[in-house]
Amino acid sequence: MMEKNVFVEGLKEGDRFDDLFLIKNVKQGETRAGKPYLVLTVMDKSGEVSGPVWDNVAALQKICVAGEVVQLAGLVQSYRDTLQLRIEGVSPISQQEIDLVHFYPVSPKNIEQMAGELQQLVQGVSNPFLKKLLTYFFKKSDCWLPFQEAPAAKGIHHAYIGGLLEHSLSVAKVADFLADHYAGVDRSLLMAGALLHDIGKLQELKMESGVVEYTVCGRLKGHLVIGSEMVAEAAGKIRDFPEELLEQLQHLILSHHGRQEFGSPTVPMTVEAFMLSFLDDLDAKMNITEQLRRKMGNMAMSWTDYQRSLERYLYLGGFAENTEKQSKEVESEKTPPINSRQPSLF
């Protein structure tokens, strides 16, 4: 296996690099003088970065293919306060000699453990119809394995292998706590909505060679509509599934983005829908801050770059584990394992 020693999160302005990177995206353009160029977005398990290729573009177009790992050489520079690569060389390599775990971001949490926790939550649902529905999705159907490995998004939050499972479980665990905290909440309905609110992402998104893209169906319908349809189809297989219960569950799925300008066909109109919408938004934002904090080198509070998804700067400190990790990496040149389970990419 070919070794990878330089990771995106460790790149600094002025660094020279000559290492392996996965091509996430390739854009073609022309200068004002009519000279063609490429802009490559490359990634590894720690993040992504972009940079232009100005020379030998015609020949390199055959090498620079999304989903392929290549050898890149060049210089890290800053452009408009953002790090980018000045790519000076691109070389093809044998894809069979690559250790894929270096290139695909994976949930920092154990996937098998999260899967077990989710199934325990399903067992605690008291409504027999909703319990059968959840058991179908998270045990009996063909959705269960892809659900454990799927990303929750193309970017922004939980955009890594296991992200959909991590996000859904997190929302459900908080929902489980709040269902008892507020009076009059239908716990079974809220839990079903929490676990199924993003089920449509299994058809909205696809991952090929580590690159997440939208499907045709995903762009035309969106995961809220797709998820509502998936739930209706599954409920139709359960004898005497109450129509009103299905409508309320579909309402949770269709309204969980909170506002129509955020992509919801309708706004939350029930207690459970209100709660789910807020919990989904909270968990997404907390994941964004967690990812930023994991990249920080120490626990000292400092300002981040402007976060466009949150429309603000953030004042954060890193995790204690980051300092311990850096100390261990100084002692060893080996890259630490990202998870106890090797991802089987779909």
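See the structure shown above.
Quick notes on the rules
- Residues numbered from 1 in each chain as written.
- Predicted model: local features only at pLDDT ≥ 70, side-chain atom pairs only at ≥ 80, totals over all residues.
- Heavy atoms only, no water.
- Helix = DSSP H or I, 4+ residues; strand = E, 2+ residues; numbered from the N terminus.
- Rg over C-alpha atoms; globule rule 2.2 N^0.38 Å.
- Buried < 20%, exposed > 50% of the residue type's maximum accessible area, 1.4 Å probe, protein only.
- Contact = heavy atoms within 4.5 Å.
- Areas by Shrake-Rupley, 256 points an atom, 1.4 Å probe, with all protein chains shown as cover.
- Lys, Arg positive; Asp, Glu negative; His and termini not counted.
- Charge placed at Lys NZ, Arg CZ, Asp CG, Glu CD.
- Pairing = 2+ DSSP bridges.
- Axes fitted to C-alpha atoms, helices over the stretch in contact; angles between N-to-C directions.
- Left-handed = near helix turned anticlockwise from the far one by under 90°.
- Core = buried A, V, L, I, M, F, W, Y, C linked by side-chain atoms within 4.5 Å.
- Polar contact = N/O pair within 3.5 Å; in protein donor to acceptor, adjacent residues only side chain to side chain.
- Patch = residues over 30% accessible without salt bridge, like charges linked within 9 Å, V, L, I, M, F, W, Y side chains within 5 Å.
- Salt bridge = Lys/Arg side-chain N within 4 Å of Asp/Glu carboxyl O.
- 1 Å grid on protein atoms, 1.4 Å probe; cavity = no way out; pocket = protein on both sides within 12 Å on 5 of 7 lines; lining within 4 Å.
- Points joined across faces, edges and corners; volume = space filled by probe spheres on them.
- Parallel < 35°, antiparallel > 145°, perpendicular 65-115°, else oblique.
- Nonpolar A, V, L, I, M, F, W, Y, C, P; charged D, E, K, R; others polar.

Student: Whenever I open this one, the overall build of the protein confuses me. Can you help?
Tutor: Looking only at helices and strands, one finds 12 helices and nine strands in the protein. Relative to the 2.2 N^0.38 estimate, which gives 20 Å for 346 residues, the radius of gyration of the protein is 22 Å and therefore close to what a compact globule would have. Dimensions of the protein along its principal axes, counting C-alpha atoms only, are 65 × 45 × 40 Å. Counting the 346 residues in the protein, one finds 47% classified as buried. Considering only contacts in the protein between residues 6 or more positions apart, those separated by 24 or more positions represent 60%. When the accessible surface of the protein is totalled, it reaches about 18500 Å², and 51% of it is carbon and sulfur. Side-chain charges in the protein split into 36 positive and 46 negative, and the spacing between the mean points of these groups amounts to 1 Å.

Student: Where do I start with the sheet that holds strand 2 (residues 36-44) in this structure?
Tutor: On the basis of which strands lie adjacent, the open sheet formed by five strands has the order 3-2-1-4-5 and antiparallel pairing. Since the sheet does not close on itself, it has two edges, and those belong to strand 3 (47-53) and strand 5 (82-92), each with one partner. The mean inter-strand angle of the sheet, taken between neighbouring strand axes irrespective of direction, is 45 degrees. Two strands pair when backbone bridges link them, and strand 2 and strand 3 are joined in this way by seven bridges, in the antiparallel orientation. Of the residues in strand 3, the one forming a bridge with Asp44 is Gly47.

Student: I'm lost on the packing of helix 6 (residues 187-196) against helix 11 (residues 271-294) in this one. Help?
Tutor: For any two helices packed against each other, the geometry is given by the interaxial angle and the distance between the axes. One can describe the packing of helix 6 onto helix 11 by two numbers: an axis separation of 10 Å at closest approach and a directional angle of 35 degrees. When you trace helix 6 past helix 11, the crossing you get is right-handed. Contacts between helix 6 and helix 11 pair Leu189, Leu190, Gly193 and Ala194 from the former with Glu272, Met275 and Leu276 from the latter.

Student: Would you mind going over the nonpolar core with me for this structure?
Tutor: Inside soluble globular proteins, nonpolar side chains tend to come together where they are buried. Ranked by internal contacts, the top residues of the largest apolar core, which has 63 residues, are Leu118, Leu133, Phe137, Phe138, Leu196 and Val231. Counting residues per element, this core draws most heavily on helix 5 (residues 163-181), which supplies eight residues. Among all residues touching Leu133, those that are not within four sequence positions of it are Leu196, Val231, Ala234, Ala235, Ile238, Phe241 and Leu249. One finds Val42, Val49, Leu72 and Leu85 within the second-largest nonpolar core, a separate group that totals 19 residues.

Student: Would you mind going over helix 6 with me for this structure?
Tutor: In terms of burial, helix 6 is largely enclosed, as nine of its 10 residues are buried. Buried residues of helix 6: Ser188, Leu189, Leu190, Met191, Ala192, Gly193, Ala194, Leu195 and Leu196, and no others. For helix 6, the N-terminal cap is Asp186; the gap from its side-chain oxygen to the backbone nitrogen of Ser188 is 3.3 Å.

Student: Looking at this structure, how should I read unusual backbone geometry?
Tutor: With the exception of glycine, the majority of residues adopt a negative phi angle, and the majority of peptide bonds are in the trans configuration. Of note in the backbone geometry, Asp240 takes a positive phi value of approximately 60 degrees without being a glycine. By secondary structure assignment, the location of Asp240 is in the loop between helix 9 (223-235) and helix 10 (243-255). In this structure, Glu311 is a non-glycine residue whose phi angle is positive, near 60 degrees. For Glu311, the position within the fold is in the loop between strand 8 (302-303) and strand 9 (315-316).

Student: Looking at this structure, I do not really get a nonpolar patch on the surface. What am I missing?
Tutor: A cluster of nonpolar side chains, Met301, Trp303, Tyr306, Tyr313 and Tyr315, forms an exposed patch at the surface whose accessible area comes to about 640 Å². The residue Tyr313 is located in the loop between strand 8 and strand 9 in this model.

Student: Explain the layout of surface pockets to me, please; I cannot follow it from the model alone.
Tutor: Summary: where empty space remains is shown by rolling a probe the size of a single water molecule over the atoms. Taken as a whole, the second largest pocket spans an internal volume of roughly 770 Å³. What lines the second largest pocket is a set of 28 residues, among which His257, Phe262, Asp280, Asp281 and Lys285 lie closest to the centre. Looking at the lining of the second largest pocket, the elements that each hand over two or more residues are helix 7 (201-204) and helix 11. The element contributing the most residues to the lining of the second largest pocket is helix 11, with eight residues.

Student: What should I look at first to understand the packing of helix 6 against helix 10 in this one?
Tutor: Contact geometry of helix 6 with helix 10 gives a least axis separation of 9 Å together with a crossing angle of 45 degrees. In terms of orientation, helix 6 lies oblique with respect to helix 10. Once helix 6 is placed against helix 10, the crossing between them reads as right-handed. Within the contact between the two elements, helix 6 uses Leu189, Leu190, Ala192, Gly193 and Leu196 and helix 10 uses Leu245, Gln248, Leu249, Leu252 and Ile253. Looking at the contact of helix 6 with helix 10 residue by residue, the class counts come to eight nonpolar, two polar and no charged.

Student: It is not clear to me how the pattern of salt bridges should be interpreted in this structure. Could you clarify?
Tutor: Under the counting rule described, the total for this entry stands at 13 salt bridges. Note that Asp44 and Lys4 form a salt bridge whose closest N and O atoms lie 3.5 Å from each other. Here Lys4 lies in the segment before strand 1 (16-30) and Asp44 lies in strand 2, a separation of 40 residues in the sequence. There is no split in this pair, since Asp44 and Lys4 are both buried.

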